[in-house]
Amino acid sequence: MLQGGSFGVPWSRPMSRHVPLGSAPAPGPEKPDPDSPHEAERPVGAEPSRASTFLALVVVYVLGLGAVMFVPAGSEVPVWWPVAGVAAAFLALAPRRWQWLLALGVAAATGLAVFTAERSPVSALGVGLSSGAEAYVVAWLLSRGRRTRPALRTMEDLWRLLVATLAGSALAAVGIGLTVVYGLDGSFVVPALAVLVSHAAAILVIVPFAMRVGPSAATDKLVEAVAQWVLLLGAVGYVFSPGQELSLAFLPLPLLLWGALRFGLRTVSYQLVAVGVVAGVLTALGGGPFAVEAQAGVTTAAGAATLTQAFVLVAALVALPLAVAMDQRRTALVRMTQNEELFHKAFSESFVGMLLLYLSPDGLRVRELNQTAADILGGPIDTFVDHPLQQLVESSTVLKDVAAQMVAGDLPGWREEVWLTTEPGRRVGLAVSPMSTTAEEPMFSAQLMDVTDVYVATTRLQTEKDFTAAVLGTTACLIVVVDIDGKITGLNPAGEKVTGFSEEELLDQPLWGTLAPATDKRDLRDLLDRTRPGRETPSLEGDLRTAQGGLRRIVWASAPLTNESGRRTHVVLTGIDVTEERNARSMAGHLLDAATSTAFIALDLGGTVTIFNTGAQELLGYTADEVKGRMRLDALHDPGELTQVARRQGTEPGFATVIAGVETGPQTRDWTYVRKDGSRVACAVTMSVVRDAFGSHIGYLAVGRDVTESQRSQMLLVETLEKERQAVERLRELDRVKDDFVAMVSNELRSPITTMVGYTEMLEDGAAGPLSREQKRLLDTVRRNGERLVALIEDLLVLSRIDSGTLTMERKTVDLRTIFDRAHERVDPMLVGRDLDIQVDLPGQPVVVVGDAAQLERVVVNLLSNAVKFTEDGGRVQWSLTASDSVAEIVVSDTGIGIPEAEQPALFTRFFRSSTTQERAIQGTGLGLSIVQSIVQSHGGQVWIRSEDMAGTEAHVVLPLTASPQRPPSHV
């Protein structure tokens, strides 16, 4: 390959865009390329396979061998050296950690190709090492700082490629030049220059095929593309055709620029390869101006080859920058279009009212607005386009001056809450910001936010604050605020009026020793300590000192104030002046003593007499001193009567019998009291609970009067009531007879109707001969109505047995999942021909309860059939079974017609049918839910229904779980 001190660059055919260089895509997610919205990244980093590496090195060897062997006649220099581009592309696609090892492989393959072509070992070694180093440097510079395949999309990428090309080809030129100088005794300059130009051309033309480039320019002018290709190849063929002597090497350049402008970087890359191949082949065949100069002795054959590669290099340097710039411009245009579309989408679909404004001589006008803004303004969009903004709002600000300040740069933005003129009573937040103040027509953006509700809420809050302040200022209650140490931090005007102290006089003073006597410090300290968030409000009755030295009786109630963390910081003491009330209580005592015809007997919680007025003394013959604090009220009652009432109430004889039920409200009863002389007197006694001012239960009050005469009249009333009672008993007897009659009739009817249904089914099955369609239809009607009667009779029998207590429950352990399976089989015929979404959710583990399997199945069948019957086609019916630690829950829900809320209290009433069911003529007896409730309650469970009219129903049944052994049968 090295002869006479010259080194040539071999020729090869152009390679396809995706060169199989042994680099497989790395697994895992890829980082999107910010420069290309169209092409996905190909990550580089997977280890090259042995097969791909071997194939690539074979390609390098073959191309190198062919380049050395294919030398034009009379020339020592081949036309091209594609090994430089192929090897650099191969390494650029490989992981960086493998590049040095693959570079050694390239060096070995290249050296072997030179040695095979019968060149000296020194030439083979020098060319191999130079080619490997060149490929490594180019690949390292291209992949440095990248995690993905090298890209060629921006001018920065192009500069990186040019630098890598220059660095790699210069390194190869120096290495091969030194090989010629020291190994073959040749010159340095001529081979180094030839290597620099040919290697740079090969790298610059081939390497872009291994790089990620932007999308090809879209065009619908196929004729133009074909014409450009034909003209370009024709021009190159003409310039380098045999016998052509004119220096027309510039002719293909405008055509390459045409391709760069119109068709993008990919097309230009293909065309550069085509230009290099055509020019190299024709030059090798003796065509073109450079070969003519070599034939004329102006230059050597090697010089002609170098000039050809220089032409290819110049063509690449002219076309690639323009193609990259055009691709970058197209990408920017795509991004700008996408951003504009995104802006318009965000603008039109925003939940905030958006307006685009422009500045006209008379102020800001609406250029565009979204639907939200139109809804806020209260009209269609077209109404407000080109409308002055100043006329849409009630604002004293001149918006034209605001816009002028923004254009001048004195105001970054403006916002204000204003009322709308288009929608009176609606308040909005208006914000205006500049968009393009330097353009010929300044543009602004405005945002509208409906703040009517916020404004109303804020106004109400302020009103409430003012109201609270007014209440605190005008309330008659004494309000004192203290910290947790008991120091006064606030006093309301009522407190100032009651105490005679001003708030300033008491600030930071301890509560005790100022407003309260020092002797009350312990009680007040305890009150403050008991005032905690979430606890019952404590209270305390104590004395209040006034500025004049007097005392007032105050009942204190306290409440805590907390910070954001919930920690108590202050205590609010609300005091009620009860001085007059206590005086009034004393007066009430005098009034009680003045009542002589009515007995007032006050008792403490234990029943001991605390008040025994004059009327009580007159009625019972005891003095107050003989009774107060010494006797209990039950000691005044007739012992025999007290014992009888206690037995009837289930209470212990004594005071508990007297006050039974009084906690729920005053109780009036007739009692027989025993006077001091042992005589009996009948009294009507009203017993009530006595509470203090804070609602605490402190005792009882018995108010009695002599009813001896009224009892005589009552006896007459009792006789009348007895007659009525006998009438009621007679009615009950009639009701029992009715139940027995229903049970008897049901039993008598069940057998013949069941027989009728059976024979009907036999007739339908053809037992008596074939039937016509009309006969089958009539028999089907008879059978269905018979089955309805059987179901009705069965329900009546069950209810009759429940009422009479003869319904037997066979208690066994039952897996509720089995109950669901059997119930589902019984409901299946109802689903034939129906369009319902049936959803079943059963647990994987057994759900065991103790009960009657048949009756529990009746419960589930009733609920499921109701759900199916009252759900229209297209609806959903769902039943589920869940189990917790102690109970099992059955839920049957549907999306059917539901039950009106006003009718739901009667759901479990016998023969109840909702108005919706009756309007739709849906068949049923109204007995199912009544039976369900009775069976569930007999199993110790609960059942309830949730329903909404025309929105569905949800039935819940809760049964206790148990694993206990079988119990004997019981009766409902």
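Predicted model only: the values in this text are computed from it and were never measured. (Residues numbered from 1 in each chain as written. Predicted model: local features only at pLDDT ≥ 70, side-chain atom pairs only at ≥ 80, totals over all residues. Heavy atoms only, no water.)

Asks: Please set out the overall build of the protein chain residue by residue, giving values where relevant.
Replies: Scanning the protein chain from N- to C-terminus turns up 28 helices and 27 strands. Looking at the protein chain as a whole, 43% of its 972 residues qualify as buried. Summarising the internal contacts of the protein chain: among those between residues at least 6 apart in sequence, 61% fall at separations of at least 24. Of the roughly 50100 Å² that the protein chain leaves accessible, carbon and sulfur atoms contribute 57%. (Helix = DSSP H or I, 4+ residues; strand = E, 2+ residues; numbered from the N terminus. Buried < 20%, exposed > 50% of the residue type's maximum accessible area, 1.4 Å probe, protein only. Contact = heavy atoms within 4.5 Å. Areas by Shrake-Rupley, 256 points an atom, 1.4 Å probe, with all protein chains shown as cover.)

Asks: How would you summarise the sheet that holds strand S26 (residues 952–960) if you had to cite specific residues and measurements?
Replies: Here five strands make up an open sheet; going across it, the order is S21-S23-S24-S26-S25 and the pairing mixed. Each end of this open sheet is capped by a strand with a single partner; those strands are strand S21 (837–841) and strand S25 (942–948). When strand polarity is set aside, the average angle formed by the axes of neighbouring strands in this sheet is 10°. Looking at chain direction, strand S23 (residues 876–883) and strand S24 (residues 887–894) are connected through seven bridges and run antiparallel. Of the residues in S24, the one forming a bridge with Ser880 is Val891. Running over the sheet, helix H25 (residues 816–831) touches S21, S23, S24 and S26 and is turned about 170° from S23. (Pairing = 2+ DSSP bridges. Axes fitted to C-alpha atoms, helices over the stretch in contact; angles between N-to-C directions.)

Asks: An account of the nonpolar core is requested, with residue identities and associated values reported.
Replies: Residues Leu91, Leu256, Leu272 and Leu320 are the most contacted members of the largest nonpolar core, which totals 67 residues. The element contributing the most residues to this core is helix H8 (residues 252–284), with 12 residues. For Leu272, the residues in contact, after removing those within four places along its chain, are Val205, Leu256, Ala315, Ala316 and Leu320. Residues Leu864, Ala867, Leu907 and Leu959 belong to the second largest nonpolar core, which totals 40 residues. (Core = buried A, V, L, I, M, F, W, Y, C linked by side-chain atoms within 4.5 Å.)

Asks: Explain the sheet that holds strand S10 (residues 488–491) residue by residue, including any values.
Replies: Judged by pairing direction, the sheet is antiparallel, and its five strands sit side by side in the order S10-S9-S13-S12-S11 without closing on themselves. Pairing within the sheet leaves two strands with one partner each, and these edge strands are S10 and strand S11 (539–545). The sheet shows a mean angle of 30° between the axes of neighbouring strands, taken without regard to direction. Direction of pairing for strand S9 (residues 478–483) relative to strand S13 (residues 568–577): antiparallel, over a ladder of six bridges. Note that in S13 the partner of Val480 across the bridge is Leu573. The strands touched by helix H17 (residues 521–530) within the sheet are S9, S11, strand S12 (551–562) and S13, with S11 carrying the most contacts at an inclination of about 135°.

Asks: Help me get a handle on the packing of helix H26 (residues 853–869) against helix H28 (residues 928–938), residues and values and all.
Replies: Between H26 and H28, the shortest axis-to-axis distance is 9 Å and the interhelical angle comes to 145°. Every pair of crossing elements has a handedness; the one defined by H26 and H28 is left-handed. For the pair H26 and H28, the contacting residues are Gln855, Arg858, Val859, Asn862, Leu863 and Asn866 in the first and Gly928, Leu929, Ile931, Val932, Ile935 and Val936 in the second. Residue classes in the contact of H26 with H28 are distributed as seven nonpolar, four polar and one charged. (Left-handed = near helix turned anticlockwise from the far one by under 90°. Nonpolar A, V, L, I, M, F, W, Y, C, P; charged D, E, K, R; others polar.)

Asks: Lay out the side chain of Ser130 with the relevant residues and their values.
Replies: Following the sequence through the fold, Ser130 ends up in helix H4 (residues 121–143). Within polar-contact distance, the side chain of Ser130 engages the backbone oxygen of Gly126 at 2.8 Å. Discounting chain neighbours no more than four positions away, the residues touching Ser130 are Ala172, Gly175 and Ile176. (Polar contact = N/O pair within 3.5 Å; in protein donor to acceptor, adjacent residues only side chain to side chain.)

Asks: Please give an account of the environment of Val205 that cites residues and values.
Replies: Tracing the backbone shows Val205 in helix H6 (residues 189–206). Given a relative accessible area of 1%, Val205 falls into the buried group. Linking Val205 and Gly85, residues 120 residues apart in sequence, is a C-alpha distance of 7.4 Å.

Asks: Tell me what's going on with the packing of aromatic side chains, and back it up with residues and numbers.
Replies: Applying the stated criterion across every chain, the model contains two aromatic pairs. Residues Trp419 and Tyr455 carry aromatic rings whose centres are separated by 5.3 Å and whose planes lie at 85° to one another, so their mutual orientation is edge-to-face. Here Trp419 is found in strand S6 (residues 414–420), whereas its partner Tyr455 is found in helix H14 (residues 452–474), with 36 residues between them in sequence. A residue is classified by how much of its surface remains accessible, and Tyr455, at 33% relative accessible area, is partly exposed. Look at Phe655 and Tyr700: their rings are 5.6 Å apart centre to centre, the planes differ by 75°, and that puts the pair in the edge-to-face class. Of this pair, Phe655 sits in helix H22 (residues 655–658) while Tyr700 is found in strand S18 (residues 697–706), placing the two residues 45 residues apart along the sequence. (Phe/Tyr/Trp six-rings, centres within 6.5 Å; stacked < 30°, edge-to-face > 60°.)

Asks: Can you explain the environment of Asp677? Please cite residues and give values.
Replies: Along the polypeptide, Asp677 turns up in the loop between strand S16 (667–674) and strand S17 (680–691). Residue classification places Asp677 among the exposed residues on the basis of a relative accessible area of 61%. A polar side-chain atom of Asp677 sits 2.7 Å from a polar atom in the side chain of Ser679.

Asks: Pulling in residues and values, what's your account of unusual backbone geometry?
Replies: In this model, Asp386 sits at a positive phi of 65°, which is unusual for a non-glycine residue. With respect to the helices and strands, Asp386 occurs in the loop between helix H12 (381–384) and strand S5 (393–394). On the basis of relative accessibility, which here comes to 40%, the residue Asp386 falls in the partly exposed class. The phi dihedral of Asp508 falls on the positive side, at around 65°, and the residue is not glycine. By secondary structure assignment, the location of Asp508 is in the loop between helix H16 (503–506) and H17. Classification of Asp508 by relative accessible area gives exposed; the value is 57%.

Asks: Requested: an account of a nonpolar patch on the surface, with residues and values cited.
Replies: A cluster of nonpolar residues, Val174, Leu178, Tyr182, Phe188, Val189 and Val190, forms a patch on the protein surface that exposes about 590 Å² of accessible area. Every element with two or more residues in the nonpolar patch is listed here: helix H5 (155–184) and H6. Among the elements that line the nonpolar patch, the one with the most residues is H5, at three residues. For Leu178, the location among the structural elements is in helix H5. (Patch = residues over 30% accessible without salt bridge, like charges linked within 9 Å, V, L, I, M, F, W, Y side chains within 5 Å. Salt bridge = Lys/Arg side-chain N within 4 Å of Asp/Glu carboxyl O.)

Asks: Tell me what's going on with the side chain of Ser169, and back it up with residues and numbers.
Replies: Of note, Ser169 is situated in helix H5. Once residues within four sequence positions are removed from consideration, Ser169 is found in contact with Glu134, Leu196, His199, Ala200 and Ile203.

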